[in-house]
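Coordinate inspection notes
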Amino acid sequence: MAGHGAYSFCGFLPTTDPAVERWNTMREAVYKNFRFNSRTARQSIVGMLVVPGAMLALAWQQDWDWAGKRKGESLARVAPAPEASD
């Protein structure tokens, strides 16, 4: 049964929570009050330099080669010896 109003739920209008509205307003306006201090600078450095650097270091340590591989070929840089069949 449609047509009971755009925002009604079972005939009742939803109520707004003032705490949720304050939090939403603060979240939408955070760019107005943002300042770099020691904590935010540290978080930015970790997020933009340390995390990608750690991922790069892990990628270099792996013994995988993704370039130019075909279906069924090993991803290892040095392919393992084929198993001998009896």
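Residues numbered from 1 in each chain as written. Predicted model: local features only at pLDDT ≥ 70, side-chain atom pairs only at ≥ 80, totals over all residues. Heavy atoms only, no water.

So, on to the overall build of the chain. Counting secondary structure elements, the chain contains three helices and zero strands. Helices and strands appear in the chain in the N-to-C order α-α-α. The 86 residues of the chain split such that 5% are buried. (Helix = DSSP H or I, 4+ residues; strand = E, 2+ residues; numbered from the N terminus. Buried < 20%, exposed > 50% of the residue type's maximum accessible area, 1.4 Å probe, protein only.)

It is worth spelling out a nonpolar patch on the surface at this point. Among the surface-exposed residues, Ile45, Val46, Met48, Leu49, Val50, Val51 and Met55 lie close enough to one another that they form a single nonpolar patch of about 690 Å² accessible area. Along the chain, isoleucine 45 turns up in helix H3 (residues 38-61). (Patch = residues over 30% accessible without salt bridge, like charges linked within 9 Å, V, L, I, M, F, W, Y side chains within 5 Å. Areas by Shrake-Rupley, 256 points an atom, 1.4 Å probe, with all protein chains shown as cover. Salt bridge = Lys/Arg side-chain N within 4 Å of Asp/Glu carboxyl O.)

On to the packing of aromatic side chains, then. Under the definition given, this model contains one aromatic pair. When the ring of phenylalanine 34 is compared with that of phenylalanine 36, the centres are 5.3 Å apart and the planes differ by 75 degrees; the resulting orientation is edge-to-face. (Phe/Tyr/Trp six-rings, centres within 6.5 Å; stacked < 30°, edge-to-face > 60°.)

Attention now goes to the confidence of the model for the chain. Per-residue confidence for the chain averages 81 on the pLDDT scale, and 83% of its residues sit at or above 70. For the chain, the element scoring lowest by mean pLDDT is helix H2 (residues 30-33), at 89; helix H1 (residues 18-28) scores highest, at 93. (pLDDT = per-residue confidence, 0-100.)

If you check H3, its first and last C-alpha atoms are 32 Å apart, about what 24 residues at 1.5 Å a residue would give, namely 34 Å. Remark: the principal bend of H3, roughly 35 degrees, maps to valine 46. If you check the start of H3, you find a side-chain oxygen 3.1 Å away from the backbone N of arginine 39, and it comes from asparagine 37. (Expected span 1.5 Å × (residues − 1). Bend = angle between axes of the 7 residues up to and from the residue. Polar contact = N/O pair within 3.5 Å; in protein donor to acceptor, adjacent residues only side chain to side chain.)

With that settled, consider the side chain of threonine 40. Tracing the backbone through its elements, the reader meets threonine 40 in helix H3. Of note is the side chain of threonine 40, whose polar atom sits 3.3 Å from the backbone oxygen of arginine 35. What threonine 40 contacts, discounting residues up to four positions off in sequence, is Phe34 and Arg35. (Contact = heavy atoms within 4.5 Å.)

Here serine 44 shows up in helix H3. Under the relative-accessibility criterion, serine 44 is labelled buried at 19%. A distance of 2.9 Å separates the side chain of serine 44 from the backbone oxygen of threonine 40, its partner in a polar contact.

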